[in-house]
Amino acid sequence: MARAMWKGAVQFGLVTIPVKLYLATESKGISFNMLHKDDLSRIQMKIFCPVEDEVISRSDTVKGYEYAPGEYVVITDEDLENVPLKTVRSIEIEQFTKAERDDAAVRFVKSAYYLEPDKIGRKAFHLLKTVLEDDGLTAICKVVIKDREALAALDPFGETMLLTTLHWPDEIRSVGELDLGDEDYDFKPAELKMAQQLVAAMTGEFDPAQYKDEYREALETIIAAKVDGQETVAVEAPEEGGKLIDLMAALEASVNAAKAARDANAEKPVSVSDAKAAKARGAAAAKAESAANAEPVAESEAPAKPARKRKTA
């Protein structure tokens, strides 16, 4: 049974809709424990007080805010509950905006939550959801979750609504920090057309059920093998450095591979691995062509090194 992590209400003008929030996602990654390498015993993280020079219990700790170097003020749970903000116990809708908005900054999502209305508020809940659906709108809100006020977006989602917390504008770094270069590229019409054909061949309806965490599955296989005392299989390292490739040949090979994959299984979108395989075939085809007809688009100063294999016990 899912457990609500927040209780409050959606404030929609003078309408109050009691709701509960449930985490919409969960991490399925593999976690590790820290062990002492000599005896493989699990280490313990203990809370140490340097003044009394002893280990203390977590129950003996309190929250403190450093308002000056080495000076702290204690903040209790009661203090946090009494913060004078309406958003501590309510999702305050600030405005409505088109769901397909141009302001890319608010698309930086932090967390997602399902909303469950209390029985008394179901009619108002579904009324708001219906209006958002019919008019293609998103509700921009503010809410306090885990001792922090968050900017959020409220959208219809299946039979319920989804609250996604967003980064504040001043939390989003400028792309000016990136080294993106200042070159202007003049693409040939044939290159643009071929790239458009490749994109079209790989375009389809997004079905999340067709995707899975292949890294986690591979890691689980390695762990199972080591538990059974088996030697894990070495993975061939990728070649280092770049090669001279013919862009048109690579694009053409990619388009053909994408079309073939789509025709073989129309229900399944072309995967990233398919695209990488097509790229490799394109590079091989380009290598077979004469160097005089090849148009270099990438070159590494360092020569390619042979792939190395490594085995782990």
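Everything discussed here concerns the structure shown above.
Residues numbered from 1 in each chain as written. Predicted model: local features only at pLDDT ≥ 70, side-chain atom pairs only at ≥ 80, totals over all residues. Heavy atoms only, no water.

1. Structural notes on unusual backbone geometry
The phi dihedral of Leu40 is positive, around 60 degrees, even though this residue is not glycine. With respect to the secondary-structure elements, Leu40 resides in the loop between strand E2 (15-23) and strand E3 (47-49). A relative accessible area of 60% means that Leu40 is categorised as exposed. One non-glycine residue, Asp53, lies in the positive phi region at around 55 degrees. Mapped onto the elements of the fold, Asp53 is located in the loop between E3 and strand E4 (54-56). The class of Asp53 is exposed, set by a relative accessible area of 58%. (Helix = DSSP H or I, 4+ residues; strand = E, 2+ residues; numbered from the N terminus. Buried < 20%, exposed > 50% of the residue type's maximum accessible area, 1.4 Å probe, protein only.)

2. Quick word on the packing of aromatic side chains
The full count for this structure, using the stated rule, is two aromatic pairs. On the numbers, 5.8 Å between centres and 35 degrees between planes, the contact of Tyr114 with Phe157 is tilted. In this pair, Tyr114 is assigned in strand E8 (residues 109-117) and Phe157 in strand E10 (residues 148-157), connecting sequence segments 43 residues apart. We classify Tyr114 as partly exposed; its relative accessible area is 32%. With a relative accessible area of 40%, Phe157 lands in the partly exposed category. For the ring pair Tyr185 and Phe187, a centre distance of 6.3 Å and an interplane angle of 20 degrees mean the geometry is stacked. (Phe/Tyr/Trp six-rings, centres within 6.5 Å; stacked < 30°, edge-to-face > 60°.)

3. Some remarks on the side chain of Glu92
Here Glu92 is to be found in strand E7 (residues 90-98). Look past the residues within four positions of Glu92 in its chain and what remains in contact with it is Gln11, Lys86, Thr87, Ile140, Cys141 and Lys142. (Contact = heavy atoms within 4.5 Å.)

4. Some points on the pattern of salt bridges
Pairs can form between side chains of opposite charge whenever their charged atoms are close. Counted under the stated rule, the structure contains two salt bridges. For Lys63, the salt bridge goes to Asp77, with nearest N and O atoms at 3.3 Å. Taken together, the residues span a long stretch of sequence, with Lys63 in strand E5 (residues 63-68) and Asp77 in helix H1 (residues 77-81) at a distance of 14 residues. (Salt bridge = Lys/Arg side-chain N within 4 Å of Asp/Glu carboxyl O.)

5. What about the pairing of E5?
When you tally the buried positions in E5, you get zero out of six residues, a small fraction of the element. Of the pairings in the sheet, the one linking E5 to strand E6 (residues 71-75) comprises five bridges and is antiparallel in character. Residue pairing for E6: Lys63 is matched across the bridge by Ile75. As consecutive antiparallel partners, E5 and E6 are separated by two residues, and within that stretch Gly70 has a phi angle of approximately 80 degrees, a positive value. (Pairing = 2+ DSSP bridges.)

6. Remarks on the nonpolar core
Ile91, Leu115, Leu154 and Leu163 are the most contacted members of the largest nonpolar core, which totals 21 residues. For this core, the secondary structure elements donating two or more residues are strand E1 (6-12), E2, E7, E8, helix H2 (122-135), strand E9 (137-145), E10 and strand E11 (160-166). Not counting residues within four places of it along the chain, the set of residues in contact with Ile91 comprises Trp6, Ala9, Val10, Gln11, Val19, Leu21, Leu115, Cys141, Lys142, Val143 and Leu163. Membership of the second largest hydrophobic core comes to six residues, among which are Met194, Leu198, Ala201 and Leu251. (Core = buried A, V, L, I, M, F, W, Y, C linked by side-chain atoms within 4.5 Å.)

By themselves, these observations are geometric and do not establish any function.
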